[in-house]
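Take a look at the letters that make up each chain.
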Amino acid sequence: MDNSNTNTKNNDTIPIALRSFEESEFLHALDAIAQWALSYIKSLQDREVSPAVAPGDILAKLPDTPPVKGEGNNPWTTIVRDLETIIEPGLVHWQSPRFFAYFPCSASMPGIMGEFVSSIFNVNGMLWATSPSATELEMRMMDWSAELFGLPDQFRFDGKNSIGGGCIQGTASEAVLAALLAGRKKQVKRGRDRSTMTVYTSSQAHSSVIKAAMVAGLADTPEDRSRVRLIPVDQSLAMDAKALSQAIDQDIKAGLTPCLVSTTQGTTSTGAMDPLAAIGRDLKTFPDAKRPWLHVDAAWAGAAAVCPEHRYVLDGIKHADSLCINPHKWLLTNFDCDLFWVKDRQALTDSMNITPAYLHDRQSESGEVIDYRNWHVPLGRKMRAIKLWFVIRYFGIDGLRRHIRDHIDLAKVFEKFVISEPRLELATKRSLGLVCFSVMGDNTKTKKLIEQINERKRVMLSHTVVPIANNNGIAQDQWIVRVAIGSTGVAPKDINELINEVHAALNEVIQ
Ligand SMILES: Cc1ncc(COP(=O)(O)O)c(C=O)c1O
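Residues numbered from 1 in each chain as written. Predicted model: local features only at pLDDT ≥ 70, side-chain atom pairs only at ≥ 80, totals over all residues.

**Student:** Account for the sheet that holds strand E9 (residues 434-439), naming residues and giving values.
**Tutor:** With respect to topology, four strands assemble into an open sheet ordered E8-E9-E11-E10, the strand pairing being antiparallel. Each edge of the open sheet carries a strand with a single partner, namely strand E8 (424-426) and strand E10 (462-469). Pairs of neighbouring strands in the sheet enclose a mean axial angle of 45°, with direction left out of account. Pairing geometry for E9 and strand E11 (residues 475-484), over four bridges, is antiparallel. (Pairing = 2+ DSSP bridges. Helix = DSSP H or I, 4+ residues; strand = E, 2+ residues; numbered from the N terminus. Axes fitted to C-alpha atoms, helices over the stretch in contact; angles between N-to-C directions.)

Structure, rendered in structure tokens:
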């Protein structure tokens, strides 16, 4: 038998995908992308923040059909050129230091390296057995993060007598869905009818709470949507704890089943903090079997709890059944990374545990391991914990605290400007790095101001509309400009530029 062909290491016997990892190709690709990345990141200092493109402009630059033949050993020169000429012109530069629009999507070098390493391993950590390192690194990172934010022991895997722990979800929306499923399952196990379930959140909560109810089949139709009780807010736009208690009490008396309360610590619109401690205490007055699951959405503001002086954002967290914080928003960890903790992990996994024959395994059945597949909707999961590990190791607790404190200091500078400018008013109290303001007078001027500023593209801001009480105590919808300070490279000079831009636009709007 002639074996010569099977032993020959020529190009035809090397799998096509493996050829791309040949040392020269791999290093060349790394070098080309690294050079491009450095020049892109550097260019952010001077670029306009948002693109000047019309719908279809990017599509028009992309070939209609995929290439039949690969572009050869070295496509990187043309790929980098296309990144620069096709993709970059159509981006909103979220990493620009003058991006103040939505809550940030903060990135960092160690975060990028973590994404990169995770892609190299490219394991699927659905079960402990499918990559023990993936699961155990994630468990440790959840415990490290619990320490970082000063969470009670019950949320930790290694807490004394703890039956809790956490996992990394993609987003806060997935976290609230998981909390809802867990809360509902608890009630179903108590014999409650699924059709009687109700959900509570404030009228200022993120839309992801309603979306979770829709996905869970509680709010599919417009009529059903009222099963998500939007609890009124007080003057600070935080949930009215008393109104919440009353609503739950009424619903229980009417034979309904409150299954989830979701508070927000740092609302999307204005950074308002729901009175978690009071809500938690009030919920304790309901009998155990009737008490809904208490979820805390601290997607953005939770990051500030790395600083002891800002831990107030999580005051009352001991009452919660679950909590989420997104390091991908304000803690230098590349998208996506939502930390989701529960006090009772079995209550969560009960709601999503489905084990077909092909997923049975010895370690799972021993009960000694965590199988993260039961902690969220997807089965497969990437190794997100690596980027968090790199970020925490690179910056340390001190570095992360400095990052948050620097941003809050910058927000104070901008807040001072708003207070000193007679044509502007603070719409709500500054919340951490978020400053909300309006033009004195009417909504049209505020709308115009935002348009002017964003059209100039030197900075990018966003707006919201919230009910603000007037001098007679009557709430009226007010247009507000949101300035969210939190992008990775924001520095004092960027705040100066922001102030100049607001000034220039104000002069246009109010002549
Ligand atoms: C308070 C709050 N909760 C939830 C979300 C939704 O975040 P995600 O994109 O992680 O689902 C946001 C988004 O900004 C938010 O501000």
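We are not done yet, so read on.
**Student:** Now, about helix H16 (residues 443-456): what can you tell me, with residues and values included?
**Tutor:** Over its 14 residues, H16 extends 20 Å from the first C-alpha to the last, a length consistent with the 20 Å expected when each residue adds 1.5 Å. Residues of H16 that are buried: Thr-446, Leu-449, Ile-450 and Ile-453. The arc enclosing the buried residues of H16, seen along the axis, measures out at 95°, which places them on a common side. Exposed residues lying more than 90 degrees from the buried face of H16 are Thr-444 and Glu-455. Downstream of H16 by one or two residues, Lys-457 has phi in the positive range, about 70°. (Expected span 1.5 Å × (residues − 1). Buried ≥ 20, exposed ≤ 12 C-beta atoms within 10 Å, placed from the backbone. Arc of directions from axis to C-beta.)

**Student:** Run through the pairing of strand E6 (residues 322-325), naming residues and quoting values.
**Tutor:** Burial of the side chains of E6 extends over both faces: Ser-322 and Cys-324 are buried on one face and Leu-323 and Ile-325 on the other. Pairing of strand E5 (residues 293-297) with E6, which is carried by three bridges, proceeds in the parallel orientation. Counted as the bridge partner of His-295 is Ser-322 from E6. Where E6 and strand E7 (residues 338-342) come together, four bridges link them in antiparallel fashion. Looking at E7, one finds that Cys-324 is bridged to Phe-340.

**Student:** If you had to explain the sheet that holds strand E3 (residues 228-231) to someone new, which residues and values would you point to?
**Tutor:** With respect to topology, seven strands assemble into an open sheet ordered E1-E7-E6-E5-E4-E2-E3, the strand pairing being mixed. Either end of the sheet is taken by a strand with one partner, and the two such strands are strand E1 (165-169) and E3. Averaged over all neighbouring strand pairs, the angle between strand axes comes to 20°, with direction disregarded.

**Student:** Kindly report on the site of the ligand, identifying the contributing residues and their values.
**Tutor:** Thr-171, Ala-172, Ser-173, His-206 and Thr-268 are the nearest of the 15 residues found near the ligand. A per-class count over the shell around the ligand returns four nonpolar, nine polar and two charged. (Near = placed C-beta within 6 Å. Nonpolar A, V, L, I, M, F, W, Y, C, P; charged D, E, K, R; others polar.)

**Student:** Give me the lowdown on the packing of helix H8 (residues 172-189) against helix H9 (residues 208-215), citing residues and values where you can.
**Tutor:** With their axes 9 Å apart at the nearest point, H8 and H9 run at an angle of 50° to one another. When the axes of H8 and H9 are compared, the pair comes out oblique. Regarding H8 and H9, the two cross each other, and that crossing is right-handed. For the pair formed by H8 and H9, the contact residues are Ala-172, Ser-173, Val-176, Leu-177 and Leu-180 on the first element and Ser-208, Val-209, Lys-211, Ala-212, Ala-213 and Val-215 on the second. Considered class by class, the residues forming the contact of H8 with H9 number eight nonpolar, two polar and one charged. (Parallel < 35°, antiparallel > 145°, perpendicular 65-115°, else oblique. Left-handed = near helix turned anticlockwise from the far one by under 90°. Contact = placed C-beta atoms within 7 Å.)

Function cannot be read off these values alone, since they describe shape.
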